[in-house]
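Analysis of the macromolecular model
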Amino acid sequence: MADVVSTQVIQKGPRYYIARFTNISDGTGESLVTKVDISTLDLGDGTAPTKTSIKEIQYSIQGFTSVRLYWDHSTDDVIDVLAAGNGYREYGSLGFLNDPGSAGGTGDILLTTAGASATATYDITLVITLS
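Residues numbered from 1 in each chain as written. Predicted model: local features only at pLDDT ≥ 70, side-chain atom pairs only at ≥ 80, totals over all residues. Heavy atoms only, no water.

1. A word on the pattern of salt bridges
Scanning the entire structure with this criterion turns up 4 salt bridges. Note that Glu 30 and Lys 35 form a salt bridge whose closest N and O atoms lie 2.9 Å from each other. Each member of the pair, Glu 30 as well as Lys 35, carries the same accessibility label: buried. Note that Glu 56 is salt-bridged to Lys 55, the shortest N-O span being 3.3 Å. (Salt bridge = Lys/Arg side-chain N within 4 Å of Asp/Glu carboxyl O. Buried < 20%, exposed > 50% of the residue type's maximum accessible area, 1.4 Å probe, protein only.)

Okay, here's the thing in C-alpha cells:
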C-alpha cells in the first residue's frame, strides 16, 4: 500500500498560489515529495516565478511526529517544521518566509513526514507569494 495524498489548488494567480495538501498514511510516510512545482506556475505574463515566499501556513497533524517543509536546492533549505497538533502561522508581518535562492535545485516546495504510523494524517494549507 501507500499513503493516500491529495492536493487541492484553492487559488492560482499571478501573485498568490494557495493549496491544501492532505495525507492519510498507511505508515509509509513521505520523503522530500514535491508539493509545489514552481515551473508550473505563471506570474501572469507567461513566465514562471523564480522564487516563492510563504505568507501563511495552517495545519492539522495527527499521528506523525512532525511534517517538514523545504525549498528544493542542492542543500534543501528548511521552510518550517510543523509539530503534531493544530496550528496557524502568519509570516506576513515578519516580511514572509523567503526562499533564500541557495545554489542548485529548483526552488520547488518539498514535504517530508516524520514518525509515520498507520492512520496518521495531515491537512496543510499554504499561502504562497510568487516572484
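2. Focus on unusual backbone geometry
Despite not being glycine, Phe 96 shows a phi value in the positive range, around 75 degrees. Locating Phe 96 in the fold gives a position in the loop between strand S5 (77–90) and strand S6 (97–98). Take Phe 96: its relative accessible area is 21%, and that puts it in the partly exposed class. (Helix = DSSP H or I, 4+ residues; strand = E, 2+ residues; numbered from the N terminus.)

3. Some details on the side chain of Asp 72
If you trace the backbone, Asp 72 turns up in the loop between strand S4 (52–71) and S5. In this structure, Asp 72 is in contact with Gly 104, Gly 105, Thr 106, Gly 107, Asp 108 and Leu 110, ignoring residues within four places of it in sequence. (Contact = heavy atoms within 4.5 Å.)

4. Remarks on the environment of Leu 126
Considering the arrangement of structural elements, one finds Leu 126 in strand S8 (residues 118–130). Spatially, the C-alpha atoms of Leu 126 and Ile 61 are 14 Å apart, while their sequence positions differ by 65 residues. Contact partners of Leu 126, with chain neighbours within four places excluded, come to Tyr 17, Ile 18, Ala 19, Phe 21, Glu 56, Ile 57, Leu 69 and Ile 109.

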